[in-house]
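Here's the letter readout for the chains.
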Amino acid sequence: MLNGLARRCFSTAGPRPWLFIGLGNPGDKYKGTRHNVGFEMIDAFADSQGISMNTVHCKALFGQGFVGEVPFILAKPQTYMNLSGESTGPLAAYYKLPLNRVLVFHDDMGLPCGVLRLNDKGGHGSHNGLKSVIDQFRGNREFPRLRIGIGRPPGQMDPKAFLLQKFNRTAQERIDAALQEGVGVLKHLLSKGLSESARCFNGEQKYKHIRLQTMPT
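Quick caveat, the model's predicted, so the values are computed rather than measured.

> An account of the packing of aromatic side chains is needed here, citing residue identities and associated values.
All told, the structure shown has 9 aromatic pairs when counted by the stated rule. Here the aromatic rings of Phe-20 and Phe-105 are separated by 5.6 Å at their centres, their planes lie at 45°, and the arrangement is tilted. One end of the pair, Phe-20, is in strand E1 (residues 18–22); the other, Phe-105, is in strand E5 (residues 102–108), with 85 residues separating them in the sequence. Of the residues examined, Phe-105 reaches a relative accessible area of 0% and is grouped as buried. Taking 6.3 Å as the distance between ring centres and 10° as the angle between the ring planes, the aromatic pair formed by Phe-62 and Tyr-95 counts as stacked. With Phe-62 in strand E3 (residues 60–67) and Tyr-95 in the loop between helix H3 (85–94) and E5, this pair connects stretches of sequence that are 33 residues apart. Comparing Phe-62 with Tyr-95 shows no difference in burial state: the two are buried. Above the plane of the ring of Phe-39 lies Lys-76, whose end atom (NZ or CZ) is 5.2 Å from the centre. Positioned over the ring face of Phe-143 is Arg-145, at 4.1 Å from the centre of the ring.

Definitions and cut-offs
- Counting from 1, residues in each chain are numbered in the order their sequence is written.
- The predicted origin of the model limits local features to residues at a pLDDT of at least 70 and limits the giving and counting of side-chain atom pairs to 80 or more, whereas totals for whole chains, interfaces and linings rest on all residues.
- Water and hydrogen atoms play no part in the side-chain values, which are based on all heavy atoms of the structure.
- Two rings from Phe, Tyr or Trp (for Trp, the six-membered ring) form a pair when their centres sit within 6.5 Å of each other. Planes less than 30 degrees apart are called stacked, planes more than 60 degrees apart edge-to-face, and all others tilted.
- Helix and strand definitions here come from DSSP, where helices need a minimum of 4 consecutive H or I residues and strands a minimum of 2 consecutive E residues; each element is numbered from the N-terminal end.
- Burial classification: accessible surface area is computed with a 1.4 Å probe over protein chains only, and a residue below 20% of its type maximum counts as buried, one above 50% as exposed, and the rest as partly exposed.
- Lysine NZ or arginine CZ positioned within 6 Å of the ring centre and within 35 degrees of the ring normal marks a charge as sitting over the ring.

Nothing here speaks to function; it is all geometry.
So, in structure tokens, the structure goes:
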């Protein structure tokens, strides 16, 4: 597994790599569901960089590349959502990464559909995938996240059923646009760092939030 990228990752002369983890459930049954937008974000970024996600490492589908001189690692845990930490923890340990270089992509019902937020830390917000990751990090929550808004369930709909439901056409269009915005901010992060990227990006997303929060999906 120590190929050219891995050797450069460990080089003291080069930039420290980023580990991007997308949370979701494996299998065709879950493809396109709200709970799997973390996987979709990984796929969108991989496609933008011409990277194949066809290697398995630490219980995850795995890819790797560079933006400029900065190495990055892409992973989609295949453990199912509630055990995502069983892949995330070993990957971070394998590459000897501090938690501030582990960026987790996940769905968020607290944001309108298609709105993103880039945060440097946070809680789990009752998200079972995040709970599992935090548990693997021994309760440490100080790792960055890219939150992908999916909206709230309508009426009295069970949140679990909502998460496992596929997007309707309007919502999917918003998600597709958001994924491309996510690709852009990830490229910016790799070249300019987290703080600057989050400041600029979250300001833009704030206005999108205001515009979309009252619009039906």
